[in-house]
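Observations on the model geometry
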Amino acid sequence: MTQIKCIGILTSGGDAPGMNAAIRAVTRSAIYSGITVKGIYRGYRGLITDEIVEFKTQNVSNIIQMGGTILKTARCKEFQTPEGRQLAYDVIKHEGIDALVVIGGDGSLTGARIFATEFNFPIVGLPGTIDNDLFGTDTTIGYDTALNTIMECVDKIRDTATSHERLFFIEVMGRDAGFLALNGAIATGAEAAIIPEISTEVDQLAELIQNGFRKSKNSSIVLVAESPITGGAMALAERVKKEYPGYDVRVTILGHLQRGGSPTAHDRILASRMGAAAVDALLEDQRNVMIGIRNDEIVYVPFSKAIKNDKPINRELLNTLRRLSI
Ligand code: ADP
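From a predicted model like this one, the values you see are computed outputs, not experimental measurements.

Structurally, the position occupied by Val37 is in strand β2 (residues 36-40). Owing to a relative accessible area of 0%, Val37 belongs among the buried residues under this scheme. When the C-alpha positions of Val37 and Lys242 are compared, they lie 58 Å apart, and in sequence the two are 205 residues distant. Not counting residues within four places of it along the chain, the set of residues in contact with Val37 comprises Ile7, Ile9, Thr27, Ala30, Ile31, Val53, Glu54 and Phe55.

Following this line, the structure appears as structure tokens:
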């Protein structure tokens, strides 16, 4: 059995709905097992500046329903240097923290992996990102909420699109991953999704136009994943204006509203299960792993796999969207 007596917890990088539910789950399950919990504010920055407070069960009362993160989050350049990480390690020793739970996306888990290796320090990660772009887990904390937010927004935009007979490009987040765009398109009955995963295979815009979309319809909605590979919604709209004049094209960029809001039941339950599993993992002497979920089972995914590998898009979803948007 492990000697872990104190777990530090932090949220880092982009915030995601459900992070609070995860903080609550880690805190309560650690305390349940007799472990002290310390909340680290502002991600890795708080580790360096020693913004650390002991968390009791009451510190995480009434937060399961809240979006954002009560621990705040930050992007910390200093942590990317060996000197910065040494400072963080000194603070960890000073605070008596024996292990860390890091909740964040690809970048945060990359930082966790480097730190864990450098100092041989136990860290377990939780996938907290709306992008769903971490390999080895079916979904990430925040993804379902963001998808539902997108669905509500697109439903509203469709009212206008239909009234004015327009082509709408709606840009959604994803940072090089098309999960939000593709599943958002299926959920809203959109005509197409333009996603980075297949951008190099086909000219999705040309395909869309050539397939004669909008011929039999009075409006069209296309979800575009924000990414340098797709070019984003603005660039695609410019292309339409030049190459296919005659289309009345409009752009909506959903932006940060996709990150906010109260987490869905799915994200609250996922975050609660993953948070509890993170404590179990540390007690089992696991380190350098991300907690994932596959076929409704908790799994441990080595950081090296979760970060390095591109998570493939499910081709069946692409086919479904194509077939349903005729
Ligand atoms: P996300 O976790 O949402 O992907 P970022 O990519 O902004 O967000 O990463 C969050 C933080 O993780 C960074 O500000 C930095 O402190 C840390 N980080 C990211 N990449 C590295 C790295 N290669 N080495 C050390 N720390 C890193």
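One water molecule sets the probe size; rolling that probe over the atoms shows where empty space is left. Roughly 520 Å³ of internal volume is contained in the largest pocket. As for the largest pocket, its lining consists of 28 residues, and the residues nearest its centre are Ser12, Gly13, Arg75, Gly107 and Ser108. With six residues, helix α4 (residues 106-119) is the single largest residue contributor to the lining of the largest pocket. In terms of residue class, the lining of the largest pocket is made up of seven nonpolar, 12 polar and nine charged.

Here the focus is the nonpolar core. By size, the foremost hydrophobic cluster in this structure holds 64 residues, and its most contacted members are Leu126, Leu180 and Leu223. The element contributing the most residues to this core is helix α9 (residues 265-283), with nine residues. Every residue in contact with Leu126, bar those within four places of it in the chain, is listed here: Ala22, Val26, Val101, Val102, Ile103, Gly104, Leu109, Ile141, Met274, Gly275, Ala278 and Ile291. Ile40, Val102, Leu109 and Val299 belong to the second largest nonpolar core, which has 30 residues in total.

Per the counting criterion, the structure on display carries eight aromatic pairs. Both rings, one in Tyr44 and one in Phe79, keep their centres 3.8 Å apart while their planes meet at 0 degrees; by these two values the pair is stacked. Residue Tyr44 is found in helix α2 (residues 43-49), and its partner Phe79 is found in the loop between β3 (52-55) and α3 (82-95); the two are separated by 35 residues along the sequence. One exposure class covers both Tyr44 and Phe79, and it is buried. Summarising the aromatic geometry, the rings of Tyr89 and Phe115 are spaced 6.3 Å apart at their centres and angled 55 degrees between planes, so their arrangement reads as tilted.

Strand order across the open sheet formed by seven strands is β3-β2-β1-β4-β5-β10-β11, with mixed pairing between neighbours. Each having just a single partner strand, β3 and β11 (297-302) make up the two edges of the open sheet. The average undirected angle you get between the axes of adjacent strands in this sheet is 30 degrees. Pairing of strand β5 (residues 123-127) with strand β10 (residues 289-294) involves two bridges; the strand directions are parallel. In the strand pairing of β10, Gly125 is matched with Met290.

Right, let's get into the pairing of β10. Regular strands have side chains that alternate between both faces of the sheet. The buried fraction of β10 amounts to five of the six residues, a majority that puts the element mostly inside the structure. The sheet contact formed by β10 and β11 spans six bridges and is antiparallel. Pairing of Ile293 across the sheet is with Ile298, part of β11. Counting the residues between successive antiparallel strands, the hairpin from β10 to β11 contains two residues, one of them, Asn295, with a positive phi of roughly 50 degrees.

A few words on the site of the ligand. Around the ligand lies a shell of 17 residues, among which Arg75, Cys76, Gly105, Gly107 and Ser108 are the nearest. In the environment of the ligand, an oxygen atom lies 2.4 Å from a nitrogen or oxygen atom belonging to the side chain of Arg75. Interatomic distance of 3.0 Å between a backbone N/O atom of Gly105 and an oxygen atom of the ligand. Bound to the protein, the ligand loses 84% of the 560 Å² it would expose on its own. Comparing atom positions with the cavity grids shows the ligand to sit within the largest pocket. Residue contributions to the shell around the ligand peak at six residues, all from α4. Residues that form the shell around the ligand fall into these classes: four nonpolar, nine polar and four charged.

This part covers the environment of Ala277. Summarising the element assignment, Ala277 is placed in helix α9. Spatially, the C-alpha atoms of Ala277 and Met173 are 28 Å apart, while their sequence positions differ by 104 residues. Once residues lying within four places of it in the same chain are set aside, the contact partners of Ala277 are Ile291, Ile298 and Tyr300.

Its identity is not glycine, yet Asn132 carries a phi of approximately 60 degrees, on the positive side. Since its relative accessible area comes to 2%, Asn132 is described here as buried. Phi is positive for Arg175, which is not a glycine, with a value near 45 degrees. Looking at the element boundaries, Arg175 is found in the loop between β6 (167-172) and α6 (179-188). When its relative accessible area of 41% is taken as the criterion, Arg175 is described as partly exposed.

Reading the values: the criteria
Residues numbered from 1 in each chain as written. Predicted model: local features only at pLDDT ≥ 70, side-chain atom pairs only at ≥ 80, totals over all residues. Heavy atoms only, no water. Helix = DSSP H or I, 4+ residues; strand = E, 2+ residues; numbered from the N terminus. Buried < 20%, exposed > 50% of the residue type's maximum accessible area, 1.4 Å probe, protein only. Contact = heavy atoms within 4.5 Å. 1 Å grid on protein atoms, 1.4 Å probe; cavity = no way out; pocket = protein on both sides within 12 Å on 5 of 7 lines; lining within 4 Å. Points joined across faces, edges and corners; volume = space filled by probe spheres on them. Nonpolar A, V, L, I, M, F, W, Y, C, P; charged D, E, K, R; others polar. Core = buried A, V, L, I, M, F, W, Y, C linked by side-chain atoms within 4.5 Å. Phe/Tyr/Trp six-rings, centres within 6.5 Å; stacked < 30°, edge-to-face > 60°. Pairing = 2+ DSSP bridges. Axes fitted to C-alpha atoms, helices over the stretch in contact; angles between N-to-C directions. Near = heavy atom within 4 Å. Polar contact = N/O pair within 3.5 Å; in protein donor to acceptor, adjacent residues only side chain to side chain. Areas by Shrake-Rupley, 256 points an atom, 1.4 Å probe, with all protein chains shown as cover. Sits in = over half its atoms within 2 Å of the grid points.

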